[in-house]
Amino acid sequence: MTPEDSSQSPGSSKTGLKTTGKGFESDLEDPDHERRFVTTEEFQAMEKELEDVKEELKCLKWKVRHIGETVQPLAEDSKRYNGYTLTELKAMVQSEDDPYKAAHKILTALFSDVYLLQHSVTEQASNTRSLPKPKIDPELYTVYCDILKSIFPGISSQTLREETQHIQKSTQEEVQ
C-alpha cells in the first residue's frame, strides 16, 4: 500500500505537511503568517533548550524502563567508575552544601585533568578556530549528573553542563 492509496488526501501526511511545487508546506501554519529570521543567539538558545529536553527525555526513558526494579545494595557496589563505586562517589559529596564544590569532587574522581581538557560536554568547538572536542563518556557523565541531582534535587541539566564547563575552564587555567 502506498501513501497515495491511504485515506488521506494526495500529497498530505500524518505530520500535517503537504508537498507542493515549492517543497513542503504545513497544514498547521497560518498561510497569512509572516515568516521571520531568527538571530544566531536565538537559534543557539533553542538548540541548548533542545539538548536539555533530549537529556531529560533520556533520563525519563531510563526511569520508565526501570520502574518497579529494586536496587540491590551489592549491585550498586559491584560496578566501579574509574575505581569508585556509586556509594563511594555519593559519600564524597554527601555533606557538600555547594554544588560547584560537589561537581568538582565528582568530576575529578571520574575524569583525569587531561581527559577533561580533551573532551567536551556539548561536543562543540570552544571557538571558531578550533575543532570540536569529542564528547565526555556518556555513562560516566550520567553517573556524575545522577549523583549531583540526588544531592541537589533542584539542579538542572543546564546548570550541570555549565558547572562542568566552568570546571574544565578552571582546570585549563591551572595547567597553563
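Overview of the structure. Since the model is a prediction, treat every value here as computed from it, not as a measurement.

1. Things to note about helix H6 (residues 138-151)
Stage number 1. Over its 14 residues, H6 runs 20 Å from end to end, which matches the ideal 20 Å to within 8%, given 1.5 Å per residue.
Stage number 2. Of the residues making up H6, those classed as buried are Leu140, Tyr141, Val143, Tyr144, Cys145, Ile147, Leu148, Lys149 and Ile151.
Stage number 3. A distance of 2.8 Å separates the backbone nitrogen of glutamate 139 from a side-chain oxygen at the start of H6, and that oxygen is part of aspartate 137.

2. Description of the side chain of glutamate 96
Stage number 1. Here glutamate 96 is to be found in the loop between helix H3 (86-93) and helix H4 (99-110).
Stage number 2. For glutamate 96, a relative accessible area of 16% gives the class buried.
Stage number 3. Polar side-chain contacts of glutamate 96 include one of 2.9 Å to the side chain of lysine 105.
Stage number 4. Setting aside its immediate chain neighbours within four residues, glutamate 96 contacts Lys101, Ala102, Lys105, Ile151 and Phe152.

3. What about H4?
Stage number 1. An ideal rise of 1.5 Å per residue puts 16 Å on 12 residues; H4 measures up with 16 Å between its terminal C-alpha atoms.
Stage number 2. Regarding H4, the residues found buried are Ala102, Ala103, Ile106, Leu107, Ala109 and Leu110. Buried residues along H4 cover an arc of 160 degrees about the axis, so they all sit on one side.
Stage number 3. Capping the start of H4 is the job of one residue whose side-chain oxygen sits 3.0 Å from the backbone nitrogen of tyrosine 100: aspartate 98.

4. Topic: the pattern of salt bridges
Stage number 1. Scanning the entire structure with this criterion turns up six salt bridges.
Stage number 2. When the shortest N-O distance is used, the salt bridge between arginine 161 and aspartate 52 registers 2.3 Å. Taken as a pair, arginine 161 in helix H7 (residues 157-175) and aspartate 52 in helix H1 (residues 40-65) lie far apart in primary sequence, 109 residues in all.
Stage number 3. Salt-bridge contacts for glutamate 139 lead to lysine 79; the nearest nitrogen and oxygen are separated by 2.5 Å. On the criterion of sequence distance, the pair formed by glutamate 139 in helix H6 and lysine 79 in the loop between helix H2 (73-78) and H3 is long-range, its members being 60 residues apart.
Stage number 4. Since its relative accessible area comes to 39%, glutamate 139 is described here as partly exposed.

Conventions we followed
- Residues numbered from 1 in each chain as written.
- Predicted model: local features only at pLDDT ≥ 70, side-chain atom pairs only at ≥ 80, totals over all residues.
- Heavy atoms only, no water.
- Helix = DSSP H or I, 4+ residues; strand = E, 2+ residues; numbered from the N terminus.
- Expected span 1.5 Å × (residues − 1).
- Buried < 20%, exposed > 50% of the residue type's maximum accessible area, 1.4 Å probe, protein only.
- Polar contact = N/O pair within 3.5 Å; in protein donor to acceptor, adjacent residues only side chain to side chain.
- Contact = heavy atoms within 4.5 Å.
- Arc of directions from axis to C-beta.
- Salt bridge = Lys/Arg side-chain N within 4 Å of Asp/Glu carboxyl O.

Interpretation note: all reported values are geometric properties and have no functional meaning in isolation.
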